[in-house]
Amino acid sequence: MFLEQGDLSIDRHLVLTHRLRSRRVELGLTQKQVVSRLARRGVRTTNKTLSSFEHGAGVDVVRLPELAVALDCTVTYLLGLTEDPTRWTPDQPSPLVRPSSATPVTGNWILGPDVPVRANHS
């Protein structure tokens, strides 16, 4: 697990909840319509659950791709890594720190190809 410099997990969570609601409103969709879009993707949920997500309840990370599709945007956008709802690449590389060292690692880590290999702690 990589640790970010400064704890941004709370900030990312707030950005995610804000973007879920603002993107839905921007598209002119009701919660019921988003729930229907999710159902077409095989995700069973309710208006109450979606409302909880929009108001700060933890969003299960496995639902992010389907939420992004239902809201016509990318996961990168929902996480606040880009301001463009259609862009996959983060606006700026995110610095990461390896737990075993203080060496920063940069790259488009959200996409996967630049994720450093974890050291084997045997």
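In this text the structure is predicted, and so the values were computed from the model without any measurement.

Next up on the list: the packing of aromatic side chains. Remark: the centre distance and the inter-plane angle together describe each pair of aromatic rings, the angle taken between the planes. Enumeration according to the criterion identifies zero aromatic pairs in this entry. Across from the ring centre of Tyr77, 4.2 Å away, lies the NZ or CZ of Arg19, which sits over that ring.

Burial in helix 3 (residues 47-54) covers these residues: Leu50, Phe53 and Glu54. End-on, the buried residues of helix 3 take up no more than an arc of 100 degrees, which puts them together on one face. Positive phi shows up at Gly56, right after helix 3, with a value of about 110 degrees.

This part covers the pattern of salt bridges. Within the structure shown, the criterion is met by five salt bridges. A salt bridge links Arg19 to Glu83; the nearest nitrogen and oxygen atoms lie 2.9 Å apart. Within this pair, whereas Arg19 is found in helix 1 (residues 9-26), its partner Glu83 is found in the loop between helix 5 (75-78) and strand 2 (96-97), the two being separated by 64 residues in sequence. In this structure Arg19 comes out as buried when scored by relative accessible area, which is 8%. Its relative accessible area of 58% is what places Glu83 among the exposed residues.

Let us look at helix 2 (residues 31-40). Burial in helix 2 covers these residues: Gln31, Val34, Val35 and Leu38. Within helix 2, the buried residues cover an arc of 100 degrees as seen down the axis, which keeps them to one side. In helix 2, the exposed positions that point more than 90 degrees away from the buried face belong to Lys32 and Arg40. Of the residues flanking the end of helix 2, it is Gly42, one or two places downstream, whose phi is positive at about 85 degrees.

Let's shift gears to the packing of helix 2 against helix 3. The interhelical angle for the contact between helix 2 and helix 3, taken along N-to-C directions, is 105 degrees, at an axis separation of 9 Å. If you check the angle between helix 2 and helix 3, you find them roughly perpendicular. In contact with Gln31, Lys32, Val34 and Val35 of helix 2, helix 3 contributes Asn47, Leu50, Ser51 and Glu54. Among the residues forming the contact of helix 2 with helix 3, the class breakdown is three nonpolar, three polar and two charged.

The rules behind these values
Residues numbered from 1 in each chain as written. Predicted model: local features only at pLDDT ≥ 70, side-chain atom pairs only at ≥ 80, totals over all residues. Heavy atoms only, no water. Phe/Tyr/Trp six-rings, centres within 6.5 Å; stacked < 30°, edge-to-face > 60°. Lys NZ or Arg CZ within 6 Å of the ring centre and 35° of its normal. Buried < 20%, exposed > 50% of the residue type's maximum accessible area, 1.4 Å probe, protein only. Helix = DSSP H or I, 4+ residues; strand = E, 2+ residues; numbered from the N terminus. Arc of directions from axis to C-beta. Salt bridge = Lys/Arg side-chain N within 4 Å of Asp/Glu carboxyl O. Axes fitted to C-alpha atoms, helices over the stretch in contact; angles between N-to-C directions. Parallel < 35°, antiparallel > 145°, perpendicular 65-115°, else oblique. Contact = heavy atoms within 4.5 Å. Nonpolar A, V, L, I, M, F, W, Y, C, P; charged D, E, K, R; others polar.

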